[in-house]
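# A look at the structure
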Amino acid sequence: QQQQQQQAIQGPEMAQGGHMHQQPPSSPSSSAVQPSLLMRALPPQAHPYAQLMRLDKPIGTWLLLWPCLWSIAMAAQPGHWPDPWTTFLFSLGAVLLRGSGCTINDLWDRDLDRRVERTRSRPLASGAVSPAQAVGLLAGQLSLGLVILLQLNDYSKVLGASSLALVGSYPLMKRITHWPQAYLGLTINWGALLGWAAVRGACDWSVVLPLYLSGTCWSLVYDTIYAHQDKRDDAVAGMGSTALLFGQKTDLVLLGFTTAQVALLTLAGGNAGMAWPYYVGVTGLASHLVWQIRTVDLNNGRDCMDTFISNKWAGGILFAGCVG
């Protein structure tokens, strides 16, 4: 196990003789250099709370929202666009649920975050927000999320509330397993189940289960790439990740998850009676993922982050196929 982690830390280019990438390791870096329009609009005293919710980094909201929108679009009647009100509720809910998840994660990890280069400036780790203030923010987010959940049918209320167990326990997973990315996939793709139920009143498991599992495969791809930013710090801290687990075989394993995702999306689309534009979208998503896997430099933190962020377009490609 120690040798496997050392190979992952070295990166594929070192483990394979240096012929893949010549760029030396670099520190993780966010692509966003300038503050976003939203952050510029907020008063300075609100910035730490917005950062705790990751409002300055909306990629996580997109990754949470896309499976919801796929499911809502697939549940729409043939020839009709997704219901605007349902789409609005899920969009707002995605912001709040993602913010809640990040707040819970940072509460659990505030001591660990101080020891990791990429995360030591987070509001709780840096002391800009106290734990008590973070709990207050979390309570506010969950209360607003409950208001949204109560707008849905009874089946969806129960289904939506049950996701909180996953959200609350996710931060523990990297402490007990090398598969926290899989657990994240089960958590962040819950909307694939909930979207259909919100439209149809209940889940059609022949559609939503393969859709949900396909999203989990997608999360394993993008979050493993993301985790390669922290592989050195995670190894030192004794944290688990698929980046460390897969090591120099990361590209092959991720291609396997991409293949599984395509098969599951095809099954879901067939059971839902989707038309040909959906399969064009599946093909476009698959092509985007293959491009990511074949071009990302897993030993370059900035490139890992940029590739991770590009998944907002990958999810949009499939959504375009769902509504086409």
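Residues numbered from 1 in each chain as written. Predicted model: local features only at pLDDT ≥ 70, side-chain atom pairs only at ≥ 80, totals over all residues. Heavy atoms only, no water.

## With respect to the packing of helix α14 (residues 205–227) against helix α17 (residues 250–272)
Where α14 meets α17, the closest approach of the two axes is 8 Å, and the angle between their N-to-C directions is 160°. In this view, α14 runs roughly antiparallel relative to α17, as classed from their interaxial angle. α14 and α17 meet at a crossing whose hand is left-handed. Between α14 and α17, the contacting residues are S206, V207, P210, L211, L213, S214, C217, W218, L220, V221, T224 and I225 on the first element and T250, L254, F257, T258, A260, Q261, L264, L265, L267, A268, N271 and A272 on the second. Its residues assigned to classes, the contact of α14 with α17 comprises 17 nonpolar, seven polar and no charged. (Axes fitted to C-alpha atoms, helices over the stretch in contact; angles between N-to-C directions. Helix = DSSP H or I, 4+ residues; strand = E, 2+ residues; numbered from the N terminus. Parallel < 35°, antiparallel > 145°, perpendicular 65-115°, else oblique. Left-handed = near helix turned anticlockwise from the far one by under 90°. Contact = heavy atoms within 4.5 Å. Nonpolar A, V, L, I, M, F, W, Y, C, P; charged D, E, K, R; others polar.)

## Some details on the pattern of salt bridges
Close approach of charged atoms allows side chains with opposite charge to pair. Counting across every chain of the model gives eight salt bridges. Across the salt bridge formed by R54 and D106, the nearest N and O atoms sit 2.8 Å from each other. Of this pair, R54 sits in the loop between α4 (47–52) and α5 (59–75) while D106 sits in helix α6 (residues 84–113), and the two are 52 residues apart along the sequence. Summarising the burial analysis for this pair, R54 and D106 share the class buried. Where R175 meets D109, a salt bridge forms, and the shortest distance between an N and an O atom there is 2.8 Å. In this pair, R175 is assigned in helix α11 (residues 173–176) and D109 in helix α6, connecting sequence segments 66 residues apart. Residue classification places D109 among the buried positions, given a relative accessible area of 0%. If you follow the salt bridges from partner to partner, you end up with R54, D106, D113 and R122 in one network. (Salt bridge = Lys/Arg side-chain N within 4 Å of Asp/Glu carboxyl O. Buried < 20%, exposed > 50% of the residue type's maximum accessible area, 1.4 Å probe, protein only.)

## Thoughts on α5
Taking 1.5 Å of rise per residue, the 17 residues of α5 would be expected to cover 24 Å, and the 25 Å separating its terminal C-alpha atoms lies within 8% of that figure. At L65, α5 is bent by approximately 30°, the largest bend along its length, and proline P67 sits one to four residues beyond. With 16 of its 17 residues buried, α5 lies for the most part within the structure. (Expected span 1.5 Å × (residues − 1). Bend = angle between axes of the 7 residues up to and from the residue.)

## Side note on the layout of surface pockets
One simple way to see leftover space: roll a probe sized like a water molecule over the atoms. For the second largest pocket, the calculated volume is near 450 Å³. Along the walls of the second largest pocket sit 24 residues, with G93, L97, G145, L149 and G160 positioned nearest its centre. Counting residues per element, the ones that place at least two in the lining of the second largest pocket are α5, α6, α8 (131–149), α9 (154–162) and α13 (191–200). Per element, the largest residue contribution to the lining of the second largest pocket is seven residues, and it comes from α6. Split by residue class, the lining of the second largest pocket holds 16 nonpolar, eight polar and no charged. (1 Å grid on protein atoms, 1.4 Å probe; cavity = no way out; pocket = protein on both sides within 12 Å on 5 of 7 lines; lining within 4 Å. Points joined across faces, edges and corners; volume = space filled by probe spheres on them.)

## Remarks on unusual backbone geometry
Notably, R54 is not glycine yet its phi reads approximately 65°, a positive angle. Overall, R54 belongs to the buried group, its relative accessible area being 8%.

## Some remarks on the packing of helix α18 (residues 276–295) against helix α20 (residues 311–323)
Two numbers describe how α18 lies on α20: the axes approach to 6 Å, and their chain directions differ by 165°. For the element pair α18 / α20, the angle class is roughly antiparallel. Here α18 and α20 pass one another in a crossing that is right-handed. Touching P277, Y278, G281, V282, G284, L285, H288, L289 and Q292 of α18 are N311, W313, A314, G315, I317, L318, G321 and C322, all from α20.

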